[in-house]
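This is what each chain is made of:
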Amino acid sequence: MSNLKFSESGVRGVVGETLTPQLVTALAVAFGKYVGGGTVVVGRDTRTSGPMFEQAVIAGLLAAGCRPVLLGIVPTPTVQIMVGELRAHGGIAVTASHNPSQWNALKFIGARGMFLDRNEAAELFDIYNQGVPYCEEEAGLQVAESLPDAFAIHQAKVFAAVDVDLIRSCRFKVAIDCCDGVGAVCSVDFLKALNCEVTALHTRTDGIFGRPPEPVDENLGDLCSAVRENRCAIGFAHDPDGDRMALVDNLGRPMGTNATIMLPVAHVLSKHPGPVAVNLQTTKAVEDIATAVGCRVFYSKVGEINVVEKMLAEKAEIGGEGSSAGLIWRRVHAGRDAYVAMALALEMLASRRESAAEIFDSLPRYHNCTAKFEASPYAAREVILILARRYEALDPLTIDGVRIDFPEGWVLVRQSNTERVLRMNAEAGTAAAAEALLRRLRAEIETILQEFNG
């Protein structure tokens with residue numbers, strides 16, 4: 001069962017191996033019981049298993065006495081927005097996000113339009129684990145309904161938050177890598193509505209992804225070439241469900257996942273200074289950008305719901321997860337949203353009258369490297385405790401593993417949520433300094449693990 005993962009945001013697994021229609025139906029019944037019936041919004045991405053699991057979700061929700069409202073193929077943030085718009089009791093997005101095509105998942109959304117937090121997810125899974133067969137009596141069965149224009153509502157909310165006329169006046173040439181996901185249905189028209197001339201890549205909707213679905217630098221070669229060949233002002237890359245977005249500058253250079261947070265934070269704070277919230281894996285460049293305009297950055301545990309909760313607690317309007325190219329702008333809604341990120345990037349280009357490369361090169365830059373170590377959950381916790389005590393004088397952050405801020409950079413060591421491994425990130429102003437930090441902490445961790453394992 002190593003390919004079946006339970007977390008706050010939902011359940012994901014390999015189709016036919018660990019994720020089956022029977023399991024999905026049972027989970028949907030449990031979610032319907034958890035939210036107490038009522039309206040539940042359902043959307044999905046383009047994966048070939050999507051229609052099958054959508055039907056399984058419908059069956060489970062109907063059995064629990066819910067009224068499913070079907071949005072079809074839409075971005076995950078559209079599902080979150082429509083929960084609020086319809087005052088629904090919850091939502092389910094059928095998508096495995098950036099995972100390969102053989103995976104699929106259910107993402108559970110609460111009545112606030114946000115993913116379930118740890119306690120809410122525990123309550124849901126407790127209902128599921130009780131394993132009690134359940135079906136509403138005939139008189140209580142509802143009827144599934146379709147709402148085909150949900151993304152138009154999402155788009156209108158994004159457009160209401162930015163200077164659409166300014167963006168349209170620039171007539172930007174842009175390239176978009178839709179990853180053969182929901183972007184193939186929504187993104188080209190979204191950009192054309194902003195008066196952009198669009199070159200689109202990977203626009204199939206049959207669930208066969210033309211590139212690895214995670215929008216990281218090494219997967220964006222086609223987009224980089226398209227930007228250069230078509231002399232585009234900027235390039236955008238999605239994951240299959242449209243909550244993540246990576247950037248390529250006008251020279252055809254991938255900017256890295258953290259740029260998805262850096263540019264919008266710099267742009268929004270220049271107009272509306274205020275607090276920012278990001279996860280512990282996000283580059284310190286965001287803190288430098290915020291500090292330069294007198295704003296504070298708050299750090300959260302890794303995971304979208306954790307960032308959102310920190311944003312709410314600190315009244316931060318903007319934030320996100322630089323480690324996963326996920327921007328959150330609460331002016332539109334409290335969730336990662338590739339369409340918000342694209343609109344803000346275009347507004348920044350329009351207002352600054354500088355190229356994407358000039359803007360990016362003007363921002364602070366850090367180098368990051370990673371490592372991982374096989375470790376049981378108990379051994380992983382022991383490593384984290386020892387490192388926290390060892391570097392107590394540096395006041396490490398221990399909300400999610402241990403993040404130690406050294407004069408030359410920072411190191412984060414945290415236990416994986418999905419594997420029996422410890423993950424380590426090291427960041428510094430130069431690649432050599434980051435690699436030196438990595439080597440130093442790697443040696444310490446390996447020594448601790450050797451002593452622990454006897």
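Quick note: structure is the one above.
Counting of residues starts from 1 at the beginning of each chain's written sequence and follows it residue by residue. Reporting of local features is limited, given that this is a predicted model, to residues whose pLDDT is at least 70; pairs of side-chain atoms are given and counted only at 80 or more, and all residues count toward the totals for whole chains, interfaces and linings. The basis for every side-chain value is the complete set of non-hydrogen atoms in the structure, without hydrogens or water.

Visitor: Mind showing me how you'd approach the pattern of salt bridges here?
Guide: Pairing of side chains with opposite charge becomes possible as their charged atoms draw close. Criterion for a salt bridge: a side-chain nitrogen of Lys or Arg within 4 Å of a carboxyl oxygen of Asp or Glu. Evaluated as defined, the whole model comprises 24 salt bridges. Taking the shortest distance from any N to any O, the salt bridge between Glu-309 and Arg-112 comes out at 3.1 Å. Taken as a pair, Glu-309 in helix α11 (residues 304-314) and Arg-112 in the loop between β6 (103-109) and α4 (118-130) lie far apart in primary sequence, 197 residues in all. A simple rule labels every residue: compare its accessible area, found with a 1.4 Å probe on the protein chains alone, to the largest value its type can have, and call it buried under 20%, exposed over 50%, or partly exposed in between. We classify Glu-309 as partly exposed; its relative accessible area is 27%. Salt bridges sharing partners connect three or more residues here, namely Lys-107, Asp-241, Asp-243, Glu-304, Glu-321 and Arg-336. Helical segments are the DSSP runs of H or I of at least four residues, strand segments are the runs of E of at least two, and each set is numbered from the N terminus.

Visitor: Could you clarify how one ought to interpret the sheet that holds strand β18 (residues 409-415) in this entry?
Guide: Hydrogen bonds along the backbone pair up the strands of a sheet, which may run parallel or antiparallel. Here a strand pair is declared whenever DSSP counts at least two bridges between the two strands. Spatially, the 4 strands line up as an open sheet ordered β16-β19-β18-β17, and their pairing is antiparallel. Across the chains shown, the open sheet's two edge strands, defined by having one partner strand only, are β16 (367-374) and β17 (402-406). Neighbouring strand axes in the sheet, compared pairwise and without regard to direction, differ in orientation by 15° on average. Contact criterion: two residues are considered in contact whenever any of their non-hydrogen atoms come within 4.5 Å of each other. Only the contacting stretch of a helix is used when fitting its axis, a line to C-alpha atoms as for every element, and angles between N-to-C directions run 0 to 180 degrees. Helix α15 (residues 431-452) contacts β16, β17, β18 and β19 (421-428) of the sheet and is inclined by roughly 15° relative to β16.

Visitor: I would appreciate a short explanation of the sheet that holds strand β13 (residues 297-300) in the present structure.
Guide: Read across the sheet, 4 strands follow the order β13-β12-β14-β15 without closing on themselves; strand pairing throughout is mixed. Lying at the two open borders of the sheet, with one neighbouring strand each, are β13 and β15 (326-329). On average, adjacent strands in this sheet sit at an angle of 20° to one another, irrespective of strand direction. Strands in contact with α11 are β12 (276-279), β13, β14 (318-321) and β15; relative to β13, the strand with the most contacts, it is inclined by about 140°.

Visitor: Got a minute to help me understand helix α8 (residues 221-229) in this structure?
Guide: Every α-helix carries 3.6 residues per turn, so stepping three or four residues along brings you back to the same face. Those residues of α8 that fall on the buried side of the exposure criterion are Leu-223, Cys-224, Ala-226 and Val-227. Buried positions in α8, seen along its axis, are confined to an arc of 165° and lie on one side of it. Close packing links the buried residues of α8 with β8 (173-177), β9 (197-201), β10 (234-238) and β11 (245-248). Arg-231 occupies a position one or two residues after α8 and carries a positive phi of about 50°. For this quantity, the arc is that covered by the directions from the helix axis to the C-beta atoms.

Visitor: When you look at the nonpolar core in this model, what are you seeing that I'm missing?
Guide: Grouped burial of nonpolar side chains is what soluble globular proteins tend to show. We call a set of buried Ala, Val, Leu, Ile, Met, Phe, Trp, Tyr and Cys residues a nonpolar core when their side-chain atoms join them within 4.5 Å. Counting residues in each nonpolar core, the largest one holds 66 residues, and the members touching the most others are Phe-190, Leu-191, Phe-236, Leu-263 and Leu-346. Take this core: its biggest share by element is 12 residues, from helix α12 (residues 338-352). Filtering out sequence-adjacent residues up to four positions away, Leu-346 remains in contact with Ile-167, Phe-172, Val-174, Leu-191, Leu-194, Cys-196, Ile-234 and Phe-236.

Visitor: Honestly, the packing of aromatic side chains in this entry has me stumped. Any pointers?
Guide: Aromatic ring pairs are described here by two measures, namely the spacing of the ring centres and the angle between the planes. Two rings belonging to Phe, Tyr or Trp (six-membered ring only in the last case) form a pair when the distance between their centres is within 6.5 Å. Interplanar angles under 30 degrees mark stacking, angles over 60 mark edge-to-face geometry, and anything in between is tilted. On inspection of all chains with the given rule, the structure shows 10 aromatic pairs. Seen from their ring centres, Phe-6 and Phe-125 are 5.0 Å apart, and the 80° between their planes marks the pair as edge-to-face. Separated by 119 residues along the polypeptide, Phe-6 in strand β1 (residues 4-7) and Phe-125 in helix α4 bring together distant segments of the chain. Ring pairing ties together the aromatic residues Phe-151, Phe-159, Phe-190 and Tyr-339, which thus form one cluster. The ring of Phe-360 has Arg-365 sitting right over it, with the charged end atom 3.9 Å from the ring centre. Here the guanidinium or amino end of Arg-403 rests over the ring plane of Trp-410, the centre of that ring lying 4.3 Å away. Any Lys NZ or Arg CZ that is within 6 Å of a ring centre and within 35 degrees of that ring's normal is treated as a charge sitting over the ring.

Visitor: In this structure, what is going on with the pairing of β8? I would like to understand it.
Guide: Successive residues of a regular strand alternate their side chains across the two faces of the sheet. Within β8, 4 of the 5 residues are buried, which leaves it mostly tucked inside the rest of the structure. Of the strand pairs in this sheet, β8 and β9 are connected by 5 bridges, and their pairing is parallel. Its bridge partner being in β9, Ile-176 is matched across the sheet by Ala-200. Handedness rule for crossovers: strands pointing away from the viewer, path from the first strand over the helix to the second running clockwise, crossover right-handed. The parallel pair β8 and β9 is bridged by helix α7 (residues 183-192), and the resulting crossover is right-handed.

Visitor: Hey, could you run me through the side chain of Thr-282 in this one?
Guide: Counting through the fold element by element, Thr-282 comes out in the loop between β12 and α10 (285-292). A relative accessible area of 0% means that Thr-282 is categorised as buried. Reaching out from Thr-282, the side chain makes a polar contact with the side chain of Asn-279 at a distance of 2.9 Å. Distance and chemistry together define a polar contact, namely a pair of N or O atoms within 3.5 Å, with one atom able to donate a hydrogen and the other to accept it when in protein, and with adjacent residues in sequence counting only for side-chain atoms on both sides. There is a polar contact of 3.0 Å between the side chain of Thr-282 and the backbone nitrogen of Gly-322. Ignoring any residue separated from it by four or fewer positions in sequence, one finds Thr-282 in contact with Asn-258, Gly-320, Glu-321, Gly-322, Ser-323, Arg-403 and Trp-410.

Visitor: Help me understand the packing of helix α1 (residues 21-35) against α4, please; the structure alone is not making it clear to me.
Guide: In a pair of packed helices, the angle between the axes and the distance between the axes together describe the arrangement. Remark: α1 packs on α4, axes separated minimally by 9 Å, with the N-to-C direction vectors making an angle of 120°. One way to sum up the angle between α1 and α4 is to call them oblique. Between α1 and α4 lies a crossing of right-handed hand. Side by side, α1 and α4 meet where Leu-23, Ala-26, Leu-27, Ala-30, Phe-31, Lys-33 and Tyr-34 of the first sit next to Glu-120, Glu-123, Leu-124, Ile-127 and Tyr-128 of the second. Oblique is the label for any angle not covered by the other classes, which are roughly parallel (under 35 degrees), roughly antiparallel (over 145) and roughly perpendicular (65 to 115). The crossing is said to be left-handed when, going from far helix to near helix, the turn is anticlockwise and less than a right angle, and right-handed when the turn is clockwise.

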